[in-house]
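For reference, the chains in residue letters:
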Amino acid sequence: MKIKSLLFTLLCTAAASAQVTTDYTTSKIQLLKENAKSQIVFIPLEVGQIHPEGWIRAWSDQAANGITGHLDEYQDVYKHGWKGYGFDALGANPKDGTGWPIEQCSYWLDGAVKLAYMTGNKALIDKVSKRLDIIVDGVLNGGETFIYWKEKDIVHDTFNNWGHGVMGRALIDYYQATHNPRVLQALEKVYKDFYMMMPNFLTTNIDGLMGLMRGATNVDAMTETYLESGNKAILDRLQNYGNNSEIKKYEARLRAVEGREKIGERSLHGVTLYEGLRVPAILGLWTGNEEGYKTATHLHDWAMQYNALPYGMPSCEEWLSGAGGFHSVETCVVPAAMWTYNWLMRLSGDASWADLIESVFFNAGPAPVARDFKTMSYYQQPNRFSETLPTCPPVPGDGDTKFTPFGHYVLCCVGSSNWIIPNYVGNMWQATMDGGLAYMLYGPCTVETRLGDTNIGLKCTTDYPFAERIMVDVSLSEDKQMPLYFHVPSWCKKMEISINGKKQKINASDGMIRIDRAWRNGDRIEINLPMTLKLEEGKEIAYPRDGYFTDNKGETRNKLVDDSICGMPYQYIKHGPLLFALPLNDIDENQVVTGQKFNYALAVKNLKKDVKVQRAAMPKEWNWNFHTSPITLTVKAREFDWHPTQSAPMPKEKVAGEKDATIQLVPYNLTKFRVSMFPVAAQ
């Protein structure tokens, strides 16, 4: 078996090398320089040019052996979706298979095709290729949209238009991984004259306004199709849409959003937030409208102001739902946030978006999937004490915090879970407009690409974020003068870089370090990212006042956590990009070991004195077991009489008295039951 495994690895390596005989990046840079009307900084490499290694490779293999590789064996939505016929499933049109499966199955195929080619998993490559070839053939044999078996006006329906955009992303991934010209032909055929949704100003509710724009997320795949093909008709379509007066009016409305009381308490659907807010920013690339990026950042800041959780994203049940230890995050929103943050980083060059991507991926990413990636849950919460506390959010309902092979009978989140790993891996390194490469998202990986006449290989060896050092070994077919960029995390105060053992004098600008030199085959870069501790403090924020949050007993979650209780103080601790939690032993992802203490308040006056960092070797096999955590924090706390309930998730005030205690915290991502947002001890 070892010999077979080695041979397979060698074959995959050879296949990856074969993909880089052509420079696919320089032509995109040229198109952008000639036609982009506003700034863009980063260009992702082609799918399959970055491969996960180390602990991320182990997690990728778990996904391929679990949900990502076998989801079509669990549910008919994934078995029959996009095959062009009707079938019986929740939210599906039984006559033609449109409706919810258009969205849900696209999620899975997009994540699966990326993961397949990133890991060289032949079985998964075969599976997703057969499914995507059906769509390519359908378009080239007469289909007018990716929903090839229906008339063109099928995408005039908002939901089908939105699902169509997700499939566009999957087909872009498929083309980049294979460079099969038939795939690009299908993309060009559909997008050169595509119907884009327009806003409807009859609604004053922000969710109603933005919800109609989900179909506009086809601009993602349209932009990538143009950069791959240079098809001027697609560029014209993007520019005409972005310059439409109704779109500009829509953007102005979004920039005016401020305060819950101004926009109605129902707030905004979390997926709609992230899928919709990047649209104006992407359109601004082609129109030169700088207000588009400002629209995106304004909406993001507004959402975080009222709903931020420690992961770098807002709560979402499925609507944005305030902030606190029992406030949930829908799994769909995790990769959607990462995807949008990446687009905003690409467009602006602002490295703070990379900080958010890392925070979401390292913390919220692993939490809703089982350690073996064979089950997952619809929601996660910062604090999870037992199977029943916190209670299940009322939508979609009972069982939405339970781990099963498909998460919940509403199947969007299990499809989206397959985006989490590849949306990170595929953007770890990106090309730059000045002909270089940027290491934007840290972790173990290898890169095989080509710029100009030079084949470039990068081997990044690290246990980051569970360790601070990264080794980058450079292999080149010839010496090459070019800049390499390195992201400086906002929490890192004294980043160091050495080249071939010589420490570099570095100047960070806008969260980036630029090193322009003649790179040689065999160069070694060592990056040191000393991680700092940070204690964050906040207060619980109420659920919006809306019937959407009504549970099956007729009570609303905002009544369960009313204004007299909101304002309860909490604290949490981060070390570098990692959120830390008090782990509760579990029998499995759905059963906690009873009788464990969790009744602690943090009593940290001085981070250096009251929190101790302890490191251990990475486990030989990465399995997300917190008992073998490579990093733990020993934290000063106070033990007190605490019996949290759904109506009182935190004490109303800071905790006084009781007795001193010391608690051991581990990375949040290793836990399934935990406390990460703690009561605060009175100082």
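What you see is a predicted model, and the numbers here were worked out from it, not measured in a lab.

The rules we used
Residues numbered from 1 in each chain as written. Predicted model: local features only at pLDDT ≥ 70, side-chain atom pairs only at ≥ 80, totals over all residues. Heavy atoms only, no water. Helix = DSSP H or I, 4+ residues; strand = E, 2+ residues; numbered from the N terminus. Rg over C-alpha atoms; globule rule 2.2 N^0.38 Å. Buried < 20%, exposed > 50% of the residue type's maximum accessible area, 1.4 Å probe, protein only. Contact = heavy atoms within 4.5 Å. Areas by Shrake-Rupley, 256 points an atom, 1.4 Å probe, with all protein chains shown as cover. Lys, Arg positive; Asp, Glu negative; His and termini not counted. Charge placed at Lys NZ, Arg CZ, Asp CG, Glu CD. Salt bridge = Lys/Arg side-chain N within 4 Å of Asp/Glu carboxyl O. Pairing = 2+ DSSP bridges. 1 Å grid on protein atoms, 1.4 Å probe; cavity = no way out; pocket = protein on both sides within 12 Å on 5 of 7 lines; lining within 4 Å. Points joined across faces, edges and corners; volume = space filled by probe spheres on them. Nonpolar A, V, L, I, M, F, W, Y, C, P; charged D, E, K, R; others polar. Core = buried A, V, L, I, M, F, W, Y, C linked by side-chain atoms within 4.5 Å. Phe/Tyr/Trp six-rings, centres within 6.5 Å; stacked < 30°, edge-to-face > 60°. Lys NZ or Arg CZ within 6 Å of the ring centre and 35° of its normal. Disulfide = S-S within 2.5 Å. Axes fitted to C-alpha atoms, helices over the stretch in contact; angles between N-to-C directions. Parallel < 35°, antiparallel > 145°, perpendicular 65-115°, else oblique. Left-handed = near helix turned anticlockwise from the far one by under 90°.

Some points on the overall build of the protein chain
Within the protein chain, the secondary structure is distributed over 22 helices and 27 strands. Over its C-alpha atoms the protein chain spans a radius of gyration of 24 Å, differing by no more than 12% from the 26 Å that the globule rule assigns to 683 residues. Expressed as lengths along the three principal axes of its C-alpha atoms, the size of the protein chain is roughly 70 × 65 × 50 Å. Counting over 683 residues, the protein chain shows a buried share of 63%. If you take every contact in the protein chain between residues at least 6 apart in sequence, the share linking residues at least 24 apart comes to 75%. By element, 49% of the accessible surface of the protein chain is carried by carbon and sulfur atoms, the whole surface being about 24600 Å². Here the protein chain contributes 71 positively and 77 negatively charged side chains, and the mean placements of these two sets differ by 4 Å.

Observations regarding the pattern of salt bridges
Evaluation of the coordinates by the stated rule reveals 34 salt bridges. Note that Lys28 is salt-bridged to Glu46, the shortest N-O span being 2.4 Å. Note that Lys28 is positioned in helix α2 (residues 26-35) and Glu46 in the loop between β1 (42-44) and β2 (50-52), a separation of 18 residues in sequence. Note on accessibility: Lys28 and Glu46 belong to one class, buried.

Overview of the sheet that holds strand β13 (residues 496-499)
Strand order in the open sheet made by the seven strands is β2-β9-β10-β11-β17-β13-β14, with antiparallel pairing throughout. In the strand order of this sheet, the two ends are held by β2 and β14 (502-503), each with one partner. In this structure, strand β11 (residues 469-476) lies alongside strand β17 (residues 524-528), joined through five bridges in antiparallel fashion. Residue pairing in the sheet places Met471 in a bridge with Glu526 of β17.

Re the layout of surface pockets
Space inside the second largest pocket adds up to approximately 470 Å³. Looking at the lining of the second largest pocket, the elements with two or more residues in it are β3 (308-309), α18 (352-364), β18 (533-539) and β19 (569-575). Counting residues per element, the lining of the second largest pocket draws most heavily on α18, which supplies four residues. Looking at side-chain class alone, the lining of the second largest pocket contains nine nonpolar, six polar and five charged residues.

Regarding the side chain of Thr119
With respect to the helices, strands and loops of the structure, Thr119 is situated in helix α6 (residues 100-119). What makes Thr119 buried here is its relative accessible area of 4%. Setting aside residues up to four positions removed in sequence, Thr119 forms contacts with Pro52, Arg57, Ser60 and Asp61.

Looking at the nonpolar core
By size, the foremost hydrophobic cluster in this structure holds 225 residues, and its most contacted members are Met313, Trp429, Phe486 and Ile527. Look past the residues within four positions of Trp429 in its chain and what remains in contact with it is Leu45, Ile50, Leu437, Ala438, Tyr439, Cys445, Val447, Leu458, Cys460, Val472, Leu484 and Phe486.

Here's the deal with the sheet that holds strand β15 (residues 508-509)
With mixed pairing, the six strands of this open sheet are ordered in space as β1-β7-β8-β12-β16-β15. Only two strands of the sheet have a single partner each, and these edge strands are β1 and β15. Where β1 meets strand β7 (residues 429-432), three bridges bridge the pair, whose relative direction is antiparallel. Among the inter-strand pairings, Pro44 is bridged to a residue of β7, identified as Gln430.

Some points on the packing of aromatic side chains
Scanning the entire structure with this criterion turns up 37 aromatic pairs. For the pair Trp82 and Trp149, a centre-to-centre distance of 6.0 Å together with 90° between the ring planes defines the contact as edge-to-face. With a gap of 67 residues between them, Trp82 in the loop between α5 (76-80) and α6 and Trp149 in the loop between α7 (122-140) and α8 (158-178) connect regions that are remote in the sequence. Measuring from centroid to centroid gives 5.0 Å for Tyr378 and Tyr379, while their planes differ by 70°, and the two rings are edge-to-face. Take Tyr378 and Tyr379: they sit in the same class, and that class is buried. Sitting above the plane of the Trp343 ring, Arg346 keeps its charged end 4.0 Å from the centroid. A cation over an aromatic ring shows up here: Arg384 above the ring of Phe673, its NZ or CZ 4.0 Å from the ring centre.

Section: the state of the cysteines
This model, assessed by the stated rule, comprises zero disulfides. The structure places no disulfide on Cys460, whose sulfur is separated from the nearest cysteine sulfur, that of Cys445, by 3.8 Å. For Cys460, a relative accessible area of 2% translates into the label buried.

So, the pairing of β11
In β11, alternate side chains face the same way, and those of Ile470, Val472, Val474 and Leu476 are buried while those of Arg469, Met471, Asp473 and Ser475 on the opposite face are not. The sheet contact formed by strand β10 (residues 454-462) and β11 spans seven bridges and is antiparallel. Note that in β11 the partner of Cys460 across the bridge is Val472. Counted along the chain from β10 to the antiparallel partner β11, the turn is six residues long.

Overview of the packing of α8 against helix α9 (residues 181-191)
Contact geometry of α8 with α9 gives a least axis separation of 9 Å together with a crossing angle of 150°. Here α9 runs roughly antiparallel to α8, going by the angle between their axes. Crossing of α8 over α9 shows left-handed handedness. Contact residues: α8 offers His164, Gly165, Gly168, Leu171, Ile172, Tyr174 and Tyr175, while α9 offers Pro181, Val183, Leu184, Leu187, Val190 and Tyr191. Each residue belonging to the contact of α8 with α9 can be placed in one class, and the counts come to 10 nonpolar, three polar and no charged.

A short note on empty space enclosed by the protein
Following the criterion strictly, the structure yields three cavities of 30 Å³ or more and no others. Taken as a whole, the largest cavity holds about 280 Å³ of empty space. Taken together, 23 residues make up the lining of the largest cavity; nearest its centre are Pro44, Asp173, Gln176, Glu224 and Trp339. Contributions of two or more residues to the lining of the largest cavity are made by β1, α6, α8, α11 (218-229), α17 (333-348) and α20 (420-425). Its boundaries defined by the atoms lining it, the second largest cavity holds a volume of some 60 Å³. Lining the second largest cavity are Ala367, Pro368, Ser377, Tyr379, Gln380, Gln381, Arg384, Thr401, Phe403, Lys672 and Arg674. For the lining of the second largest cavity, the class distribution of residues is four nonpolar, four polar and three charged.

A closer look at the pairing of β19
In the case of a regular strand, side chains alternate between the two sheet surfaces. Most of β19 is tucked away, with seven of its seven residues classed as buried. Side chains Pro569, Gln571, Ile573 and His575 project from β19 onto one buried face, and the interleaved Tyr570, Tyr572 and Lys574 project onto a second face that is buried too. By the bridge criterion, seven bridges tie β18 to β19 in an arrangement that is antiparallel. Directly across from Leu535, in β19, lies its bridge partner Ile573. Bridge count between β19 and strand β20 (residues 578-583): two bridges; the pairing is antiparallel. Counted as the bridge partner of His575 is Leu578 from β20. Counting the residues that bridge the hairpin from β19 to β20 gives two residues, and of these Gly576 lies at a positive phi of roughly 60°.

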